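Overview (structure and organization)
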Amino acid sequence: MGPVLAVPVLPDVLSLDVVRRWDGAPVHSGLRGRVDLACTDDALHVAARLASPHPARVPGAPTGTRVEGLWTYDVVECFLVGADGRYLELELGAGGH
């Protein structure tokens, strides 16, 4: 289990570097990513950035729509786990999906 981190209240932000792929392997040297998290009384604020030397692999669906199997494209995944063990998985696609 990794370190326990708390999502801070805005204007403070928790910034996490993307250092591993989905399978636990380190990301390749040309890939740089970051996820920023913060909250307010009624919202979670998430921003993700992923810079790659290769063109992004994005689905043909309209931007902003839900895409089944989005993880097969270029995405940043973030898992938020509560004290009770329940979790929320966020998949943020390179094309805005």
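Just so it is clear, the structure is predicted and the values come from calculations on it, not from any experiment.

Our focus in this paragraph is the pattern of salt bridges. Counted under the stated rule, the structure contains 5 salt bridges. The shortest N-O distance in the salt bridge between Arg 34 and Asp 17 comes to 2.8 Å. Placement of the pair is Arg 34 in strand S2 (residues 32-39) and Asp 17 in strand S1 (residues 14-18), with a sequence separation of 17 residues. Take Arg 34: its relative accessible area is 31%, and that puts it in the partly exposed class. Among the salt bridges present, the one from Asp 74 reaches Arg 57, with a minimum N-O distance of 3.3 Å. A residue pair is termed long-range when its members are at least 10 positions apart, and Asp 74 in the loop between strand S3 (44-51) and strand S4 (75-81) and Arg 57 in the loop between S3 and S4 qualify at 17 residues. Overall, Arg 57 belongs to the partly exposed group, its relative accessible area being 47%.

Turning our attention to the side chain of His 97. Within the fold, His 97 resides in the segment after strand S5 (87-93). Here His 97 falls in the buried class, since its relative accessible area comes to 13%. Separated by 2.7 Å, the side chain of His 97 and the backbone oxygen of Ala 61 make a polar contact. Leave out the neighbours within four places in its chain, and His 97 touches Pro 59, Ala 61, Pro 62, Thr 63, Gly 64, Thr 65, Val 67, Leu 70, Glu 91 and Leu 92.

Here is what the cut-offs are and how they apply
Residues numbered from 1 in each chain as written. Predicted model: local features only at pLDDT ≥ 70, side-chain atom pairs only at ≥ 80, totals over all residues. Heavy atoms only, no water. Salt bridge = Lys/Arg side-chain N within 4 Å of Asp/Glu carboxyl O. Helix = DSSP H or I, 4+ residues; strand = E, 2+ residues; numbered from the N terminus. Buried < 20%, exposed > 50% of the residue type's maximum accessible area, 1.4 Å probe, protein only. Polar contact = N/O pair within 3.5 Å; in protein donor to acceptor, adjacent residues only side chain to side chain. Contact = heavy atoms within 4.5 Å.

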